[in-house]
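Residue strings, one per chain:
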Amino acid sequence: MSKAEIAEFQLGPMNHVGVAVPDIENAIAFYRDVMGVIDISKPEVLAPQGVKYAFVNLPSGQVELIEPYGETSPILKFLERNPKGGQHHMCFEVEDIHDAKSVMETRGMRVLGEPRIGAHGTLVVFLHPGDAGGVLIELMESHKSCDGVDH
Ligand SMILES: CC[C@@H](C(=O)O)C(=O)SCCNC(=O)CCNC(=O)[C@H](O)C(C)(C)COP(=O)(O)OP(=O)(O)OC[C@H]1O[C@@H](n2cnc3c(N)ncnc32)[C@H](O)[C@@H]1OP(=O)(O)O
Ligand SMILES: [Co+2]
């Protein structure tokens, strides 16, 4: 990427807040029965990311509930430190994940691994919380249809 392209990088809208939970069914019951959310997706497993997830859908965006899946889940240690669960990451959309990764690396951020398919079916990468004010940041490529319009 050229210096001009790097300088032009702009973060897109916030997509979701990730919340790590020890038991996803209990967490869904909480958002449905206590918080009064009607639209909550059924839990699904994303084995390559080591999580079972469900979306709490709100007019303003999504809360992404994540429960560990498998022995090497990246959220196991977090739940050891926070046994009741807690806010785990914030996710922002970007236009092109590979460009965003390059820009972040150029700006000295530790990008955690290569882009992988996330729960929304597009590529995601994570930035180390130690470089991002103590917050684990997920970057997610926006949904684009073949007409090039974000949906
Ligand atoms: C549903 C799929 C997908 C989507 O499409 O939306 C997801 O969201 S999957 C979400 C789960 N996946 C990931 O988190 C992948 C990226 N994460 C990692 O690579 C690691 O979890 C990590 C961030 C590098 C931490 O690794 P870990 O082995 O747990 O490291 P440490 O325990 O040694 O922690 C190092 C350092 O970082 C602090 N930390 C860890 N996790 C978080 C966090 N979630 N938020 C803020 N800070 C965090 C930890 O406290 C340590 O700090 P220091 O002690 O100060 O060094
Ligand atoms: Co996420």
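Residues numbered from 1 in each chain as written. Chains lettered and ligands numbered in written order. Predicted model: local features only at pLDDT ≥ 70, side-chain atom pairs only at ≥ 80, totals over all residues. Heavy atoms only, no water.

Caption draft 1: Local environment of the coordination of the cobalt ion (ligand 2). Around the cobalt ion (ligand 2), the protein contributes the donor atoms His16 (NE2), Glu64 (OE), His89 (NE2) and Glu138 (OE), at 2.1 to 2.2 Å from the metal centre. Around the cobalt ion (ligand 2) sit six donor atoms, and with donor-metal-donor angles ranging over 76 to 177 degrees the site reads as octahedral. Of note, the cobalt ion (ligand 2) draws all its donor residues from one chain, in the sequence arrangement H-x47-E-x24-H-x48-E. Of this pair, glutamate 64 sits in strand S4 (residues 61-68) while glutamate 138 sits in strand S8 (residues 137-141), and the two are 74 residues apart along the sequence. For glutamate 64, a relative accessible area of 6% gives the class buried. Owing to a relative accessible area of 5%, glutamate 138 belongs among the buried residues under this scheme. (Donors = N, O, S within 2.8 Å, 3.2 Å for Na, K, Ca; no water. Tetrahedral: all angles 85-135°; square planar, octahedral: opposite > 155°, others 65-115°. Helix = DSSP H or I, 4+ residues; strand = E, 2+ residues; numbered from the N terminus. Buried < 20%, exposed > 50% of the residue type's maximum accessible area, 1.4 Å probe, protein only.)

Caption draft 2: Examining helix H2 (residues 24-34) more closely. All of the buried residues along H2 are Ile24, Ala27, Ile28 and Tyr31. In a view along the axis of H2, the buried residues occupy a sector of 100 degrees, so they form one face of it. For H2, the exposed residues lying more than 90 degrees away from the buried face are Asn26, Asp33 and Val34. Where H2 is buried, its residues contact strand S3 (51-58) and S4. Capping the start of H2, aspartate 23 holds a side-chain oxygen 3.0 Å from the backbone nitrogen of glutamate 25, two or three residues further along. (Arc of directions from axis to C-beta. Contact = heavy atoms within 4.5 Å. Polar contact = N/O pair within 3.5 Å; in protein donor to acceptor, adjacent residues only side chain to side chain.)

Caption draft 3: Examining the site of ligand 1 more closely. Taken together, 20 residues surround ligand 1, and among them Glu64, Arg81, His88, Ala119 and Glu138 come closest. At 2.7 Å from an oxygen atom of ligand 1 is found a side-chain nitrogen or oxygen belonging to glutamate 64. Histidine 88 places a polar main-chain atom, nitrogen or oxygen, 2.9 Å from a nitrogen atom of ligand 1. For ligand 1, whose free accessible area comes to 1,100 Å², the fraction covered by protein is 70%. The leading source of residues in the shell around ligand 1 is helix H3 (residues 76-81), at three residues. Counted by class, the shell around ligand 1 contains 11 nonpolar, five polar and four charged residues. (Near = heavy atom within 4 Å. Areas by Shrake-Rupley, 256 points an atom, 1.4 Å probe, with all protein chains shown as cover. Nonpolar A, V, L, I, M, F, W, Y, C, P; charged D, E, K, R; others polar.)

Caption draft 4: A look at the pattern of salt bridges. By the definition in use, this model includes four salt bridges. For lysine 101, the salt bridge goes to glutamate 114, with nearest N and O atoms at 3.4 Å. Of this pair, lysine 101 sits in helix H4 (residues 97-106) while glutamate 114 sits in strand S6 (residues 111-117), and the two are 13 residues apart along the sequence. Through salt bridges that share partners, Lys101, Glu105 and Glu114 make up one connected network. (Salt bridge = Lys/Arg side-chain N within 4 Å of Asp/Glu carboxyl O.)

Caption draft 5: Looking closely at the environment of histidine 128. Looking at where histidine 128 falls in the secondary structure, it is placed in the loop between strand S7 (123-127) and S8. A polar side-chain atom of histidine 128 sits 2.8 Å from the main-chain amide nitrogen of glycine 130.

Caption draft 6: Region of the structure containing the nonpolar core. Among the nonpolar cores identified, the biggest contains 15 residues, and Phe9, Val94, Met104, Leu127, Ile137 and Leu139 are the most heavily contacted of them. Put simply, the parts of the chain that give this core at least two residues each are strand S5 (86-94), H4, S7 and S8. For this core, the element with the highest residue contribution is H4, accounting for four residues. Those residues in contact with leucine 139 that sit more than four places away from it in its chain are Leu11, Phe92, Val94, Ile97, Ala100, Met104, Leu123, Val124, Val125 and Leu127. By size, the runner-up hydrophobic cluster in this structure holds 12 residues, among which are Val21, Ile24, Ile40 and Ala54. (Core = buried A, V, L, I, M, F, W, Y, C linked by side-chain atoms within 4.5 Å.)

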